[in-house]
Amino acid sequence: MLTKLKSISLGNWILIGMILGLIVGLILNFYVTNPYIKNIVLMDNVFYLGGNLFIKLMKMLVVPLVFFSIVVGVASISDVRTIGSIGGTTILIYLITTAIAVTIALMLGIYLQPGAGLQMTGLAEASNVTVNQTMPDTILGMIPDNPFSSLASGDMLPVIIFGLLIGIILAKLREETETFNKIFTEGNRIMMEMTSIVMKFAPIGVFCLMAKTFGGLGIEGIMPLAKYFVCVLIGLAIQAFLVYPTLLVIFTRLNPINFFKRFIPVMFFAFSSSTSNATIPLNLDKLSEMGVSRDVSSFTIPLGATINMDGTAIMQGVAVMFAAQAYGIDLGTSALLTVIFTAVMASIGTAGVPSVGLVTLTMVFNSVGLPIQAIGVIFGIDHLLDMFRTAVNVTGDAICTIIVSFRNKAIDLDIYNGKKQPKKEIHIM
Ligand code: ASP
């Protein structure tokens, strides 16, 4: 029995934790009436502590892991042009997939009419979320004022840029900076080991997060907005299970089923935690298991967690159509193009943390003059949608990473196809 339990992989344990958490949460919600046991003991203490402890541990890993692995990854690519081409292709694919995502969402919104017949007046309560971000500010924000304070506050884009520069310089100076090379390599090794230790707690963490979410979630909140909810889910499903596999096949001819079989635990973790940022360590780990070189993933995954949010863009596209229909506002072609552009821009420069998509949604609404109050209406069910869209966000990052790795011969196809076990790191020259 014990050996049988031991042979269950970590990914399957995460799945078991998630399903058990869901069941326990629903039982709590429907059958446990004692508020002391339900709310005080379980929800606010046991599950809150268990879930957040795990998220905090993951967050603790993110900055040092990203920093060390970017430096080491970039330093091991000796050709600066290769770095430039990887960066360029990655950003381009990220932007294109996000544009595809919003377009799908807008089309679904036009076709399924999620906001038609809804009486906005009365339903709407003011939402206090606002954000202002211009394109030059976004670009300037990527350069750290002080790299140490960016590291300390976990500002991902400046950390990525700074790590990239150090990596390039280490690659250039080689012998002269041998000591630093060694320090970063060993630092990276330490962080990878810490990641695999923390990851062992993932099933318990995921269990607690799910139990807490579903224990407190009533189905009643969803009903008035069911059409909007379903519309977003359809968009997310199309992106995850149609667009991504198609891109994978077109650009790499790799089998998408092999990808999803191994990637599911990452989606589950993103789903339970609602943050792509905290999912970075697990995402890196799984891609290594699929044969992807860290030289590429160490750069593309943290970048994707910050600038690539296809799931979020889908929610924003549907939300735009929902609000326009509910308020009887007619959006023309140029307004729709503005939405696509703004939603793509909105995903850049904001970190992948819970509910950030709702904050940047104000930017999208402002761009076409939609009333911000409508955001207050969808606020109530956003937490649940955030879970689904974060799972899609991290899938987009991983698919793009595989495409970029494939183009740069940084993926071991035998490992990807399950013919060989992942062992040592593959480095591109
Ligand atoms: N929670 C999402 C993420 O971390 C962002 C969002 O859509 O709110 O990717």
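As the structure is a prediction and not an experimental result, all values here were calculated from the model. (Residues numbered from 1 in each chain as written. Predicted model: local features only at pLDDT ≥ 70, side-chain atom pairs only at ≥ 80, totals over all residues. Heavy atoms only, no water.)

## Concerning empty space enclosed by the protein
Any empty space left between the atoms is revealed when a probe the size of a water molecule rolls over them.
Here is step 1: Using the criterion set out here, one finds two cavities of 30 Å³ or more in the structure.
Here is step 2: Of the volumes computed, that of the largest cavity is approximately 50 Å³.
Here is step 3: Taken together, 13 residues form the lining of the largest cavity, with Thr312, Val353, Val356, Asp386 and Asn393 sitting closest to its centre.
Here is step 4: Where the lining of the largest cavity is concerned, the elements lending two or more residues are helix H17 (356–367) and helix H18 (373–407).
Here is step 5: Broken down by element, the lining of the largest cavity gets its largest block of residues, four residues, from H18.
Here is step 6: Tallied by class, residues from the lining of the largest cavity come to three nonpolar, eight polar and two charged.
Here is step 7: Of the voids in this model, the second largest cavity is the one considered here, and its volume is about 40 Å³.
Here is step 8: Contributing to the lining of the second largest cavity are Val74, Ile77, Ile83, Ile86, Asp295 and Phe299.
Here is step 9: When residues of the lining of the second largest cavity are traced back to their parent elements, those giving at least two are helix H4 (80–112) and helix H14 (294–307).
Here is step 10: Taken together, the residues of the lining of the second largest cavity break down into five nonpolar, no polar and one charged. (1 Å grid on protein atoms, 1.4 Å probe; cavity = no way out; pocket = protein on both sides within 12 Å on 5 of 7 lines; lining within 4 Å. Points joined across faces, edges and corners; volume = space filled by probe spheres on them. Helix = DSSP H or I, 4+ residues; strand = E, 2+ residues; numbered from the N terminus. Nonpolar A, V, L, I, M, F, W, Y, C, P; charged D, E, K, R; others polar.)

## Notes on the site of the ligand
Here is step 1: Lining the immediate environment of the ligand, one finds 14 residues, of which Ser276, Thr312, Gly357, Asp386 and Arg389 sit closest.
Here is step 2: At 2.3 Å from an oxygen atom of the ligand is found a side-chain nitrogen or oxygen belonging to Ser276.
Here is step 3: Asn393 places a polar side-chain atom, nitrogen or oxygen, 2.8 Å from an oxygen atom of the ligand.
Here is step 4: Taken by itself the ligand offers 270 Å² of open surface, and the protein chains cover 100% of this.
Here is step 5: Because more than half of its atoms lie within 2 Å of the grid, the ligand is assigned to the largest cavity.
Here is step 6: Where the shell around the ligand is concerned, the elements lending two or more residues are H17 and H18.
Here is step 7: Looking at the shell around the ligand element by element, the count peaks at four residues for H18.
Here is step 8: Per-class residue counts for the shell around the ligand are three nonpolar, nine polar and two charged. (Near = heavy atom within 4 Å. Polar contact = N/O pair within 3.5 Å; in protein donor to acceptor, adjacent residues only side chain to side chain. Areas by Shrake-Rupley, 256 points an atom, 1.4 Å probe, with all protein chains shown as cover. Sits in = over half its atoms within 2 Å of the grid points.)

## Examining the nonpolar core
Here is step 1: Formed by 122 residues in total, the largest nonpolar core has its most connected members in Met58, Tyr228, Phe259, Val320, Leu361, Phe365 and Ile402.
Here is step 2: Take this core: its biggest share by element is 17 residues, from H18.
Here is step 3: For Met58, the contacting residues outside a window of four places in its chain are Val198, Met199, Phe269, Ala278, Pro281 and Leu282. (Core = buried A, V, L, I, M, F, W, Y, C linked by side-chain atoms within 4.5 Å. Buried < 20%, exposed > 50% of the residue type's maximum accessible area, 1.4 Å probe, protein only. Contact = heavy atoms within 4.5 Å.)

## Some details on the packing of aromatic side chains
Here is step 1: Taken as a whole and assessed by the stated rule, the structure comprises twelve aromatic pairs.
Here is step 2: Where Phe54 meets Phe269, the ring centres are 5.3 Å apart and the plane angle is 90 degrees; that geometry is what we call edge-to-face. Here Phe54, found in helix H3 (residues 35–76), pairs with Phe269, found in helix H12 (residues 256–273); they are 215 residues apart in sequence, far enough to count as distant.
Here is step 3: Residue class for Phe54 comes out buried when judged on its relative accessible area of 3%.
Here is step 4: Residue Phe269 is classed as buried on the basis of its relative accessible area of 0%.
Here is step 5: Aromatic side chains Phe241 and Phe260 sit 5.4 Å apart centroid to centroid with 50 degrees between the ring planes, which places their arrangement in the tilted category. Note that Phe241 is positioned in helix H11 (residues 226–252) and Phe260 in helix H12, a separation of 19 residues in sequence.
Here is step 6: Through pairs of rings, three or more aromatic residues link up here, namely Phe67, Phe68, Phe162, Phe180 and Phe184. (Phe/Tyr/Trp six-rings, centres within 6.5 Å; stacked < 30°, edge-to-face > 60°.)

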